[in-house]
Amino acid sequence: GRNIGQFYVWDHAGFSDEGNWLLYDENGEIFDVTERSKTNADKKFIGNAVPDVILAWNNQFQIGNFDISAYFRSWIGHDVFNMTNMYYGLVLEGQGRNVLVENYQEQRHITGEKELSDFWIEKGDFLKLDVLSVGYSFDLNSDSYLKNLRVTATGRNLFVLTGYSGIDPEVNINGLDPGFEWYDTYPATRTFMLGLQATF
């Protein structure tokens, strides 16, 4: 009876003075997880991993001898569960594990072990420039040994505009667990290529 893609998690209510997790129970009351066990009945359907809109724009144009093509993509209106932050964003004493540098101070006040709650859910809207290609065709004399000469420069994965703090807001939205950016995600590489096309 719910929309496909919603997260079924506990509702975060803040932290105690000691840094313990506070959650809302099924009646909307706040409780400390160290004082009362959470139950599945306390969980709620929160957010949605499926974008409201998926956009793509491919544009090609020519200016003089230059030709330019760009391919943009965007997802709007979806949420992402940041598993990387959940697993590597807490500084817990005695754990001796790596912590994300941006969260080393920001989340240092949290002393309790991670909780599967909406604390880790973020807006995932993004705009990506997947491919940008610039080419230049040289003007050659009709009696030249070369008939055509064109050089190109292409860049892939050039930039992502997003407010999401994780690695990549474009996550899997299929199957039984859509919307999770898993903690073993590897960043997409930015690549550059040069090309030369000649006709004799």
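Visitor: Explain the sheet that holds strand β7 (residues 66-76) to me, please; I cannot follow it from the model alone.
Guide: Hydrogen bonds between backbone groups are what pair the strands of a sheet, and the pairing can be parallel or antiparallel. In spatial order, the strands read β6-β7-β10-β11-β13; together these five strands make up an open sheet with antiparallel pairing. A strand with exactly one partner marks an edge of an open sheet, and here the two such strands are β6 (53-63) and β13 (191-199). Across the sheet, the mean angle from the axis of one strand to that of its neighbour is 10 degrees, orientation sign disregarded. As paired strands, β7 and strand β10 (residues 126-137) are joined by ten bridges and run antiparallel to one another. Each bridged residue has a counterpart across the sheet, and for Ile68 the counterpart in β10 is Val134.

Visitor: Would you mind going over the nonpolar core with me for this structure?
Guide: The nonpolar side chains of a soluble globular protein tend to be buried with one another. With 15 residues, the main nonpolar core has Phe7, Val9, Trp21, Phe81, Leu90, Trp120 and Ile121 as its most contacted residues. Going through the elements one at a time, β1 (7-9) and α1 (83-88) are the ones with two or more residues in this core. Not counting residues up to four positions away in its chain, the partners in contact with Val9 are Lys43, Lys44, Ile46, Phe81, Leu116, Ser117, Asp118 and Ile121.

Cut-offs and rules
Residues numbered from 1 in each chain as written. Predicted model: local features only at pLDDT ≥ 70, side-chain atom pairs only at ≥ 80, totals over all residues. Heavy atoms only, no water. Pairing = 2+ DSSP bridges. Helix = DSSP H or I, 4+ residues; strand = E, 2+ residues; numbered from the N terminus. Axes fitted to C-alpha atoms, helices over the stretch in contact; angles between N-to-C directions. Core = buried A, V, L, I, M, F, W, Y, C linked by side-chain atoms within 4.5 Å. Buried < 20%, exposed > 50% of the residue type's maximum accessible area, 1.4 Å probe, protein only. Contact = heavy atoms within 4.5 Å.

The values are spatial; any link to function lies outside them.
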